[in-house]
Amino acid sequence: MASLMKIPLHRLRNCLLAVALLLALTAAPIGPSAAAQDNDSQAIAQGFNINGDKDDFIAGALVSTKKGDEKTVELANQENGARLAGVVSDRPLVALSNGTAQTQIVISGSVPVVVSDINGDVRAGDKITASPIAGVGMLASGSDQVVGTAQSDFVTTSAKTRTITDTSGKQHTVHLGRVPLLIGISFYQAPTSGYIPPFVQGLANNIAGRPVSLMRILVCSILLLLAFVSTAALLYTSIRSGLISIGRNPLAAGAIRRGLVQIGVAVVLILGLVLLASYIILTV
């Protein structure tokens, strides 16, 4: 007891605090806190301005950038699905912002997303794209821009129902709910169009600045193939005939050369018109 009294008071207080801290750490459960569990703990978000009613931008809604303004987003649908930007989140792990009041859009990570079965049941591993319902995702069954990959099955038994009307006036009942999604904005090439080489699809998308349908690519490919085959045949026959004519009549060499130059100009014009037509088909 006498030796204990000789210890300075501040050292004794520090020892007691250290013991209390060790006891607290030992008693605390290992794992994330409730606050951390409430967060989208694997999501990185970026701040965007919104175009529309703020109340419509609920957590999990798909958004696309506004045409002509990459800093503003609007609810995603099939009309603006080529400009998908991410998913609305109110509790991302990391939020990037310029300091003004903005809506946080998850651009990377995992986050619950609002989906529907309007295009079929959503299973783990399926790609999710924009649907006809604003802000709601659906199964990507064709080649299209996708927002990410579903991490679990969509359980329709516990989902909400909604009745929608298609363009022909027929009503359909669809289920709406949330599934965890691994965000990754990319162009998805459906297996049904797998016979189109990926580099051809990518080239067409880069030229058009948006996803291009299979039919447009096929039309352009056939048009270009016919143009190159016909011009190659025209050049071959013209050069061959010219060489034969010069061999038979050397005095006509000048006229034959002028004819070949004219054919070359015509070939260049034909190829230019075909390339222009192909560009219009891809972009319009």
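The coordinates are above.
This structure is a prediction, so every number in the text was calculated from the model and none was measured.

Within the protein chain, the regular secondary structure consists of 6 helices and 11 strands. Here the protein chain, with 284 residues, has 31% of them falling under the buried criterion. Counted over contacts in the protein chain with a minimum sequence separation of 6, partners at least 24 positions apart contribute 60%. Split by element, the accessible area of the protein chain, about 17500 Å² in all, is 62% carbon and sulfur.

Okay, the packing of helix α5 (residues 214-248) against helix α6 (residues 253-283) next. Where α5 contacts α6, the axes come no closer than 10 Å and their chain directions differ by 180 degrees. With respect to α6, the axis of α5 lies roughly antiparallel.

This part takes up the environment of A204. Among the secondary structure elements, A204 is positioned in helix α4 (residues 198-208). Ignoring sequence-local partners within four residues, the contact set of A204 consists of V212, I217 and L282.

Grouped together as the largest cluster of nonpolar side chains are 21 residues, with contacts concentrated most on L62, V87, V113, I128, V147, L181 and I183. Listing elements by their share of this core, those giving two or more residues are β1 (40-50), β4 (84-88), β6 (103-116), β7 (127-130), β9 (144-150) and β11 (171-188). For this core, the leading source of residues is β6, giving 4 residues. Counting residues in hydrophobic clusters, the runner-up holds 9 residues, among them F48, A61, V73 and A85.

Owing to its 3.6 residues per turn, the α-helix aligns residues three or four sequence positions apart on the same side. For α5, which comprises 35 residues, the first-to-last C-alpha distance of 51 Å matches the rise-based estimate of 51 Å (1.5 Å per residue) to within 8%. Looking at the packing, one finds that the buried side of α5 touches α4 and α6.

With that out of the way, let us pick up α6. Taking 1.5 Å of rise per residue, 31 residues should cover 45 Å, and α6 covers 45 Å from first to last C-alpha, within 8% of that figure. Of the residues making up α6, those classed as buried are A253, I256, V267, V274, S278 and L282. Residues of α6 that are buried make contact with α4 and α5.

Basis of the calculations
Residues numbered from 1 in each chain as written. Predicted model: local features only at pLDDT ≥ 70, side-chain atom pairs only at ≥ 80, totals over all residues. Heavy atoms only, no water. Helix = DSSP H or I, 4+ residues; strand = E, 2+ residues; numbered from the N terminus. Buried < 20%, exposed > 50% of the residue type's maximum accessible area, 1.4 Å probe, protein only. Contact = heavy atoms within 4.5 Å. Areas by Shrake-Rupley, 256 points an atom, 1.4 Å probe, with all protein chains shown as cover. Axes fitted to C-alpha atoms, helices over the stretch in contact; angles between N-to-C directions. Parallel < 35°, antiparallel > 145°, perpendicular 65-115°, else oblique. Core = buried A, V, L, I, M, F, W, Y, C linked by side-chain atoms within 4.5 Å. Expected span 1.5 Å × (residues − 1).

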